[in-house]
Amino acid sequence: MPAAPDRRLVAVVLLAPAVVALALWAFAWPAARTAPRDLPVGVAGSAPGADRLQQQLEQRDGAFEVHRYGSAAAARTAIEDRSVYGAVVVTPQGPELLTASAGGPAVAQLLHDAVTASAPAGAAIPVTDVVAAPATDPRGSVLGASILPLAIAGVATGSAVTLLRLRGGRAATALLGVATLVGVIAAALTDSWLGVITGDWWSEAGALGLTVLAIGAAVAGLAALIGPAGVGIGALLMVLVGNPFSGVTSAPELLPRPVGTIGQWLPPGAGGSLLRSVAFFDGRAAGGAVWTLALWAAAGLTAVLIGGRRRPAAPVTPEPAPSRRPAPAA
């Protein structure tokens with residue numbers, strides 16, 4: 001049987017490549033399979049032109065989920081409510097495209113390419129950006145890159161609470177305090193300084209803080225229930241799975257099934273969707289993301305409080321060895 005150091009050596013040699021393989025799979029596979037899958041789009045206008053366009057979109061092997069609207073104003077409202085990512089309005093002069101680059105520049109470009117391919121050769125397609133991305137971040141790069149730091153901050157907070165052996169109410173207070181401060185600081189950086197998110201300041205701070213709280217509480221809660229291994233499991237779940245599955249750099253509907261759905265069930269994906277809603281769409285369609293984050297935060301904090309009631313195991317003190325004094329001479 002190998003000695004303990006040998007077993008640890010074998011574990012490291014096998015575990016490190018496994019983690020690398022998981023990371024490559026989680027990040028590379030969704031990116032390599034990016035394509036629309038039931039992407040909600042709108043079609044507005046009168047028959048028969050709108051009917052024909054709807055049929056063309058629906059024939060693309062489940063790429064689009066088409067919603068029909070009676071007018072351009074109704075389609076515009078649906079975009080602002082985040083019911084659809086964009087819409088094509090059929091007019092006597094030809095099709096017009098309504099997009100929302102703030103909802104995802106990659107989606108806006110994809111819709112432009114799809115409509116252009118369906119139009120007659122050489123026809124110019126007028127484009128109206130209903131909810132435009134800010135000029136300081138027209139490609140959404142900063143918002144897309146913001147989820148990983150939030151995930152790392154949450155994992156670091158949960159790890160610190162565990163390593164410092166904060167328990168019960170103290171652990172919950174630490175998690176809430178860090179999340180509040182991170183939310184305020186992150187909003188100050190991204191909104192007040194960089195100007196890459198442009199919504200209500202306090203709503204943005206709340207969305208950022210709630211994301212960090214959900215991640216940190218989940219990590220600390222796992223550790224409180226199953227021990228230090230919970231930190232590793234939480235880190236893998238939030239960083240190596242939740243971040244690439246979030247769809248924040250594109251859209252959940254552009255990721256392979258069921259990756260996009262799973263991503264929205266995890267705090268990074270829900271946090272990205274919530275931040276986009278409060279930053280650019282006045283909080284519309286934010287309810288599902290708020291509930292997801294709240295459930296993760298509540299479950300994690302509950303686990304932390306339950307774990308805090310357990311008494312730590314008392315250290316085992318070895319019994320003193322019996323003295324070996326020579327027997328007295330008879």
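Here is a short report on the structure shown in this document. (Residues numbered from 1 in each chain as written. Predicted model: local features only at pLDDT ≥ 70, side-chain atom pairs only at ≥ 80, totals over all residues. Heavy atoms only, no water.)

Right, let's get into the overall build of the protein chain. Scanning the protein chain from terminus to terminus reveals twelve helices and five strands. In terms of overall dimensions, the protein chain is more spread out than a globule: its C-alpha atoms have a radius of gyration of 26 Å, far above the 20 Å expected for 330 residues. Dimensions along the principal axes, computed over C-alpha positions, put the protein chain at roughly 125 × 45 × 30 Å. Here the protein chain, with 330 residues, has 43% of them falling under the buried criterion. Long-range pairs, those at least 24 residues apart, make up 70% of the contacts in the protein chain between residues at least 6 apart in sequence. Seen as two clouds, the 21 positive and the 18 negative side-chain charges of the protein chain have centres 19 Å apart. (Helix = DSSP H or I, 4+ residues; strand = E, 2+ residues; numbered from the N terminus. Rg over C-alpha atoms; globule rule 2.2 N^0.38 Å. Buried < 20%, exposed > 50% of the residue type's maximum accessible area, 1.4 Å probe, protein only. Contact = heavy atoms within 4.5 Å. Lys, Arg positive; Asp, Glu negative; His and termini not counted. Charge placed at Lys NZ, Arg CZ, Asp CG, Glu CD.)

Before going further, it helps to examine the pattern of salt bridges. Counting across every chain of the model gives four salt bridges. Residues R257 and D38 are paired through a salt bridge, measuring 2.8 Å at the closest nitrogen-oxygen approach. Remark: D38 occurs in the loop between helix 1 (4–32) and strand 1 (39–44) and R257 occurs in the loop between helix 9 (229–242) and helix 10 (259–265); sequence separation between them is 219 residues. Look at R257 and you get exposed, because its relative accessible area is 54%. Overall, the relative accessible area of 35% leaves D38 in the partly exposed class. For D81, the salt bridge is made with R284, and the minimal N-O distance between the two is 3.1 Å. One end of the pair, D81, is in the loop between helix 3 (72–80) and strand 3 (87–91); the other, R284, is in the loop between helix 11 (267–280) and helix 12 (287–309), and 203 residues separate them in sequence. In this structure D81 comes out as partly exposed when scored by relative accessible area, which is 33%. One network of salt bridges, in which partners are shared, links D81, D282 and R284. (Salt bridge = Lys/Arg side-chain N within 4 Å of Asp/Glu carboxyl O.)

Let's shift gears to the sheet that holds strand 5 (residues 127–129). Spatially, 2-1-3-4-5 is the arrangement adopted by the five strands of the open sheet, whose pairing is mixed. Strands with a single pairing partner mark the edges of an open sheet, and in this sheet they are strand 2 (64–69) and strand 5. Neighbour-to-neighbour, the strand axes of this sheet turn through a mean angle of 25 degrees, independent of strand direction. Its contacts with the sheet put helix 2 (residues 49–58) on strand 1, strand 2 and strand 3, and the angle it makes with strand 2 is roughly 165 degrees. (Pairing = 2+ DSSP bridges. Axes fitted to C-alpha atoms, helices over the stretch in contact; angles between N-to-C directions.)

Note that W296 resides in helix 12. Note on W296: relative accessible area 25%, which makes it partly exposed. W296 sits 81 residues away from I215 along the chain, and the two C-alpha atoms are 7.5 Å apart.

This brings us to helix 6 (residues 147–163). In this model, helix 6 (17 residues) spans 24 Å end to end at C-alpha, consistent with the 24 Å of a helix rising 1.5 Å per residue. When helix 6 is considered as a whole, its buried residues turn out to be I147, L150, A151, G154, V155, T157, G158, S159 and V161. One or two positions beyond helix 6, positive phi appears at R165, with a value near 60 degrees. (Expected span 1.5 Å × (residues − 1).)

The next point concerns the packing of aromatic side chains. Taken as a whole and judged by the stated rule, the model has three aromatic pairs. Between W25 and W29, the ring centres sit 5.7 Å apart and the planes meet at 10 degrees, which makes this aromatic pair stacked. Taken together, the residues W25 and W29, both in helix 1 and four residues apart, mark about one turn of the helix. Its relative accessible area of 41% is what places W25 among the partly exposed residues. Here W29 falls in the partly exposed class, since its relative accessible area comes to 28%. Seen from their ring centres, W201 and W202 are 4.8 Å apart, and the 80 degrees between their planes marks the pair as edge-to-face. A residue is classified by how much of its surface remains accessible, and W201, at 22% relative accessible area, is partly exposed. Since its relative accessible area comes to 61%, W202 is described here as exposed. (Phe/Tyr/Trp six-rings, centres within 6.5 Å; stacked < 30°, edge-to-face > 60°.)

No statement about biological role is implied by the geometric values presented.
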